[in-house]
Amino acid sequence: MTLKAKRYTVTAALPYTNGPIHIGHLAGVYIPADIYVRYLRAQNKDVAFICGSDEHGVAISIRAKKEGVTPKDIIDKYDTMIKTSFQQLGISFDNYSRTSAPIHHETAGDFFKQMHQEGKFIEQTTEQLYDEEAQQYLADRFVTGTCPKCDQPEAYGDQCENCGSSLNATDLIQPKSTLSGSIPALKATKHWFLPLDQYEDFIKEWILEGHKNDWKSNVYGQVKSWVDDGLKPRAVTRDLDWGIPVPVEGAEGKVLYVWFDAPIGYISSTKEWAAREGKDWEPYWKDKETELVHFIGKDNIVFHCIIFPAILKAGKEYILPENVPANEFLNLEGDKISTSKNWAVWLHEYLDEFPGQEDVLRYVLTANAPETKDNDFTWKDFQTRNNSELVAIIGNFVNRAVVLTHKYYEGNVPDCGEILAQDQAVLDELKLFPKRVGGSIEKYRFREASQEMLNLTRLGNKYLADEEPWKRIKDAPERVPTIMHIALQIATALSSICEPFLPHSAEKLRTILNIDRPLSWQVIEEESSLLPVGHTIGKQQLLFEKIEDTTIEAQLTKLKQTKVANEKETKSLPPQKRLITFEDFIKLDLRVGTIIAAKKVKKTKKLLQLQVDLGEEVRTIVSGIAESFNPEEVVGKKVTVLTNLAPRKIRGVESQGMLLMSEDAEGNIVMVSPDQGAKNGFPIA
Ligand SMILES: [Zn+2]
């Protein structure tokens, strides 16, 4: 093993307490972090696994206003929910704190004060968006508008979710207050900026040169593109009433920007843990022999690789992260996971609906983790991995080893007879697994590690299948004790090696084998007798259960209902487009027409070919309405025609204009028809 550090501080991104945890969070951050930490503990390393709720920021205020409650009501609700569901899944934090805790307010405030005293900020009065009606400055999620980079109409004041650009509220085109819906004005206000440009050389040297080879390419690439674009000063304060008050004079009514205080939450949480455990927190953040690792999702790379390190650097004595193994995104059944659209598998719901199957979710999200690219979670894959990997490989192996030991030896580990070459080969290979699995974990390749864990079980299955103790008991009974002895050694090794991935099953397996704690991985590497001769194993029980089709269908139905509900909502309320001028509008030549003939376009489902009388002329127009109208029912209808749309060929037919339609929530198409009195060819304006 190559774990060299004296101690490890491992952080997992602080969940934002405006909603519950979903599988995307788990696959991206919490499960890999937990595997890593459980592995470190299995190597007897000194580890602090740190997390907590992120409870400041504009989204929480907005949610509170919407629900007519206080921000505290919101954070209390989700903090409890998130904490409980993590515990049930077996995410083994040493400490789970909250950024609303006094210890955090003090720690973050002190950071700011010290940096302020040392002149690490730039004070600047700038014009910010202000909502006169709500009497509030608008930053971050309090304002939406059109993204200046991609034209998407619903970008936020801090970020465009469409193109991923990081924005300032004042960059938005046609900004609109999410509080009152009004158009904000500009108003001067003072803020403190962290001059990131002054840290450019430091980031270049530390990451771009120093971690060229050991950081994941997605993380490295994102940092590089930020640095290449040129780092700019970034405001670390906000005009808000929810957050940590800025602890300097002249800053009344201002709070720390949530992305300034949240990462400091790792330090506050470590302090809280150390105080409880009677330890000193400082070595975990300041000793050079400590390795700091941040597990985060890819949307947080800039904060953990540029902004927080700049803060740590300014704090002088602090260590920097040794690695930031951010994952890509997990999609769900082909679509982007979305909290606002309820397109997710929620952890608390999963735990309710799949009691006792926490490890199945852990395993599937690991085996299919979005480590190098975005990946897709499907319920079908979930079922397959459970039934043909957990049940058929791990469950089957353990079951055979245990059942046969009970059957032949009343549950006692038999002594080995003569060790043949094939036995020795299996025992030798067994010793390689701690390094194989551990080597992958140390490289943050958790998918690979989980498959090696499975390979260890495959070794056992293959050995039993080759040696067939159920046959040898009749034709060569002297072989059977050796075979069963070795099979039980593999099962015992498995109970330790699978622990980081499948902690609940590992515990169950230890009960089955009647061992009270996991073996160290080093013992597995070095010793042949992991379960001593004569040891009595416990009762057989199933490690994993088959998941039936009906269970999967129920989940798919649930998602389908979500989709239908979303379609209704989004179709009834599409975002409004950007303003156009009157000159833009009068470019459209809209006229009254009447459909005088209609037929289906051959070999298409959706298209009708129409002849439309426009007074002086009859035009051919191809329209995608065949799923809503039969050709015969449209003949004679008055329609609105956009006549100066450049002609284009659709399935070989030239369409010379376009009919105006409206599509309702179910996808039904309705024609925008002028009154019967309107005459063909006359303009509409
Ligand atoms: Zn954009």
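Draft legend 1. Up close: the pairing of strand β20 (residues 618-623). Counting buried residues in β20 gives five out of six residues, a clear majority hidden from the surface. In this structure, strand β19 (residues 608-613) lies alongside β20, joined through six bridges in antiparallel fashion. Across the sheet, Asp 613 pairs through a bridge with Val 618, a residue of β20. Hairpin connection between β19 and β20: a loop of four residues separates the two successive antiparallel strands, and Gly 615 in this loop has a positive phi of roughly 85°.

Draft legend 2. Up close: the coordination of the zinc ion. Looking at the metal site, the zinc ion is ligated by Cys 147 (SG), Cys 150 (SG), Cys 160 (SG) and Cys 163 (SG), spaced 2.3 Å from it. Coordination at the zinc ion is tetrahedral: its four donor atoms span angles of 105 to 113° at the metal. Donor residues for the zinc ion sit on one chain with the sequence pattern C-x2-C-x9-C-x2-C.

Draft legend 3. Summary view of the sheet that holds strand β8 (residues 173-177). Pairing within the open sheet is antiparallel, and its three strands lie in the order β7-β6-β8. Since the sheet does not close on itself, it has two edges, and those belong to β7 (155-156) and β8, each with one partner. Where strand β6 (residues 143-146) meets β7, two bridges bridge the pair, whose relative direction is antiparallel. Bridged to Thr 144 within β7 is Tyr 156.

Draft legend 4. Local environment of unusual backbone geometry. Its identity is not glycine, yet Lys 316 carries a phi of approximately 60°, on the positive side. Locating Lys 316 in the fold gives a position in the loop between α9 (301-314) and β14 (321-323). Its identity is not glycine, yet Lys 603 carries a phi of approximately 60°, on the positive side. Residue position: Lys 603 is located in the loop between β18 (590-600) and β19.

Draft legend 5. Structural context of the side chain of Thr 405. Summarising the element assignment, Thr 405 is placed in helix α12 (residues 379-409). In contact with Thr 405, not counting residues within four places along its chain, are Glu 410, Gly 411, Asn 412, Met 484, Leu 488 and Ile 537.

Draft legend 6. Representation of the side chain of Arg 385 within the structure. The residue Arg 385 is located in helix α12 in this model. Apart from residues no more than four positions distant in its own chain, Arg 385 is found in contact with Tyr 363, Val 364, Ala 367, Asn 368, Leu 390 and Gln 451.

Draft legend 7. Geometry of the layout of surface pockets. Empty space within the second largest pocket amounts to approximately 370 Å³. Lining of the second largest pocket is provided by 15 residues; of these, Thr 2, Glu 291, Glu 442, Lys 443 and Tyr 444 occupy positions nearest its centre. Sorting the residues of the lining of the second largest pocket by element identifies β14 and α14 (433-442) as the ones contributing at least two each. Ranked by residue count, the leading element in the lining of the second largest pocket is α14, at three residues. Split by residue class, the lining of the second largest pocket holds five nonpolar, three polar and seven charged.

Conventions adopted
- Residues numbered from 1 in each chain as written.
- Predicted model: local features only at pLDDT ≥ 70, side-chain atom pairs only at ≥ 80, totals over all residues.
- Heavy atoms only, no water.
- Buried < 20%, exposed > 50% of the residue type's maximum accessible area, 1.4 Å probe, protein only.
- Helix = DSSP H or I, 4+ residues; strand = E, 2+ residues; numbered from the N terminus.
- Pairing = 2+ DSSP bridges.
- Donors = N, O, S within 2.8 Å, 3.2 Å for Na, K, Ca; no water.
- Tetrahedral: all angles 85-135°; square planar, octahedral: opposite > 155°, others 65-115°.
- Contact = heavy atoms within 4.5 Å.
- 1 Å grid on protein atoms, 1.4 Å probe; cavity = no way out; pocket = protein on both sides within 12 Å on 5 of 7 lines; lining within 4 Å.
- Points joined across faces, edges and corners; volume = space filled by probe spheres on them.
- Nonpolar A, V, L, I, M, F, W, Y, C, P; charged D, E, K, R; others polar.

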